[in-house]
Amino acid sequence: MEGNVNIYIEFMFLVGNLWERSKGMAVNFYKKLLKLVFIGTGTIRHWRGDYEKAVRTLEQAVHLEPNNPQLHWKLGCIYLKSQNIEKSLYHLEHAVKLGNRDPLYVLWLSNAQNFSGNITVASNLVEEVIEKLPDSAEAWYLKGKYLIEQGEKEEGLKCLDKSIELDPRNIEVWNEIGCFYLANNQTMLALESFRKGLEIKSKETSLLFNLGLTYLKLEDYEHALFYLEKAKKYNLKNVKLYNALGLCYSKLNRLNLAEEIYQETLKLFPEDVESLSNLAAIKAQKGLYLQSLILYEKILKIDPYDSTILNNTAWCLEKLNRLDEAISYYYRALAREPENSIFRLNLSECLYKKGYFGEAIEHLEKIISSEKENSKAWQILGNIYDSMKLHAKAVDCFNKALGLV
C-alpha cells in the first residue's frame, strides 16, 4: 500500500508540473489535493506508530501550506509522541497562533509545555481552555495531573473526578486515578480504578500493567502474573514490565522462567542495570555464582559506586571462596553506606571465615551496640569465641542469639 501511495504522490507532482505550465488555477487545485494526500498518508502512518515517516510526510504538507494550523497541530502531536519536545512546541505554538487559540490546539500545547518542564505555563494554558470550555473532560484531566505533580494531591484528585463525571469512559483518566491511589498506598482503590478502565477497554496495556503492579504490591503474585502476561501479550515492550514479570516468576519459585524473561529483557535493553542485577540474583539463587559474579562485574563497569552491587559482588566472591577479594568489596560497599548493618554483618562473617577474628569482633560489637537483638550478629560472635576456645563467652553469645538472656 505504501509503495502505491508513493507512486501516487510522484504522479501528482508530475501532473502539477504540467498544470503549472498551462493553467495557474490548476496549481491551487493540485496543492489542495496533494495536501490531502500528505495529511491522509501522515495520519495512517501515525496510527501505525511509524512516527518518522509520518513526520516526513506532514512536513511536506506544511511546506505546501505553512499557515495551516491543522497541519502544525498534527506535526506537534506526532513530535510529542515521539518525544521530540522542542519541535513539538514549535509546531503547536504555530497551531495555536494560526488557529485563533483553538482549545484543542491549546490543550496539546499545554501537554507539551508540561513535558518540557514548564508546569506554570502548562497550567495557565489549561485554565484558558477551562474558561472557554468548562465541560472539557480533557482539560480537567490535565489540570488534575498538573496539580498532583505540583504536590496538590487532593485538589488534583478532585479535578480527575470531575473529568470522569464529564466522560466516564475515558480510560486515560481511570488509569491516572489508579496511579494516584497506588502511589499513595491506597491499593484497593487503585485496583478498583484500573478494573473500571479495563471494563471499558480490556486490552489497554497501561491498565493491565498497572493492575499487575498493584497485585505485585499486595504480594499476590499469581494475579500479578496474570495481568502482566496479558500486557506483554498485547505487545507492551517496557523494561519495568519485564522486570516485574521476572520478579513474579522468582517469587513463585519458577526460576527458569524468571531467567528467560530477564534474558529477553536484556536483548531489548542490554544496558539496563536492574535487569542485569535481577538476572545475577537468579543465577546466584541457582548456585551459579561465577555467572552471577560476571554479571555484577558488568554492572560495576556501568556504575562502580553502587553499594548494593558491591555487596552482592562480595557475596558471590565469598561463595567462590575468594575471601580476600570478597572482604575488599565488602569494605567498598560499607564505605558507601557506613551505617548499613547488613553490609557490616556480611563483612564480619567473611572476616571470621578467613580467620581475622579480632577485626570481625570489632564490626560485630559495633552492630550489637545499636542492635542488641541482632541474633545473626550474636551467632557469628559466638562462633568466633568458640573457635578461640573462649567457651563461656561463646555460650553467652549463643544464648543471646536464641533470646534466652
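Scroll up to find the structure this text is about.
What you are looking at is a predicted structure, and each value in this text was computed from that prediction instead of being measured.

Rules and cut-offs
Residues numbered from 1 in each chain as written. Predicted model: local features only at pLDDT ≥ 70, side-chain atom pairs only at ≥ 80, totals over all residues. Heavy atoms only, no water. 1 Å grid on protein atoms, 1.4 Å probe; cavity = no way out; pocket = protein on both sides within 12 Å on 5 of 7 lines; lining within 4 Å. Points joined across faces, edges and corners; volume = space filled by probe spheres on them. Helix = DSSP H or I, 4+ residues; strand = E, 2+ residues; numbered from the N terminus. Nonpolar A, V, L, I, M, F, W, Y, C, P; charged D, E, K, R; others polar. Axes fitted to C-alpha atoms, helices over the stretch in contact; angles between N-to-C directions. Parallel < 35°, antiparallel > 145°, perpendicular 65-115°, else oblique. Left-handed = near helix turned anticlockwise from the far one by under 90°. Contact = heavy atoms within 4.5 Å. Salt bridge = Lys/Arg side-chain N within 4 Å of Asp/Glu carboxyl O. Buried < 20%, exposed > 50% of the residue type's maximum accessible area, 1.4 Å probe, protein only. Expected span 1.5 Å × (residues − 1). Phe/Tyr/Trp six-rings, centres within 6.5 Å; stacked < 30°, edge-to-face > 60°.

Draft legend 1. Representation of the layout of surface pockets within the structure. If you add up the space inside the second largest pocket, you get close to 230 Å³. What lines the second largest pocket is simply Asn 175, Cys 179, Ser 206, Phe 209, Asn 210, Leu 236 and Asn 238. Among the secondary structure elements, those contributing two or more residues to the lining of the second largest pocket are helix H10 (171-183) and helix H12 (205-217). Among the residues forming the lining of the second largest pocket, the class breakdown is three nonpolar, four polar and no charged.

Draft legend 2. Structural view of the packing of H12 against helix H13 (residues 221-233). With their axes 8 Å apart at the nearest point, H12 and H13 run at an angle of 160 degrees to one another. Judged by the inter-axis angle, H12 sits roughly antiparallel to H13. Where H12 crosses over H13, the handedness of that crossing is left-handed. Along its contact with H12, which presents Thr 205, Leu 208, Phe 209, Leu 211, Gly 212, Leu 213, Tyr 215 and Leu 216, the element H13 presents Tyr 221, His 223, Ala 224, Tyr 227, Leu 228, Lys 230 and Ala 231. Counted by class, the contact of H12 with H13 contains eleven nonpolar, three polar and one charged residues.

Draft legend 3. Representation of the pattern of salt bridges in the model. In the structure shown here, the tally under the stated rule is 14 salt bridges. For the salt bridge of Glu 128 with Lys 132, the shortest nitrogen-to-oxygen distance reads 3.6 Å. Of this pair, Glu 128 and Lys 132 both sit in helix H7 (residues 119-132), separated by four residues, roughly a single helical turn. Taking the relative accessible area as the measure of exposure, Lys 132 reaches 44% and is therefore partly exposed. For Lys 376, the salt bridge identified is with Glu 349, shortest N-O distance 3.5 Å. Of the two residues, Lys 376 sits in helix H22 (residues 375-387) while Glu 349 sits in helix H20 (residues 341-354), which places them 27 residues apart along the sequence. Judged by relative accessible area, Glu 349 falls into the partly exposed class, the value being 23%. Ionic contacts of the salt-bridge type, sharing partners, join the residues Arg 101, Glu 128 and Lys 132 into one network.

Draft legend 4. Just H22, in detail. The end-to-end C-alpha separation of H22 is 18 Å, in line with the 18 Å expected for 13 residues at 1.5 Å each. Burial in H22 covers these residues: Ala 377, Trp 378, Ile 380, Leu 381, Gly 382, Ile 384 and Tyr 385.

Draft legend 5. Summary view of the packing of aromatic side chains. Under the defined criterion, the tally for this structure stands at six aromatic pairs. Ring plane angle 5 degrees and centroid distance 5.8 Å describe the contact between Tyr 215 and Tyr 227, whose orientation is recorded as stacked. Of the two residues, Tyr 215 sits in helix H12 while Tyr 227 sits in helix H13, which places them twelve residues apart along the sequence. For Tyr 215, a relative accessible area of 6% translates into the label buried. Ring centres 4.9 Å apart and planes at 85 degrees place the aromatic pair Phe 226 and Tyr 227 in the edge-to-face group. Phe 226 sits in the partly exposed class, given a relative accessible area of 42%. Exposure remark for Tyr 227: the relative accessible area of 16% places this residue in the buried category.

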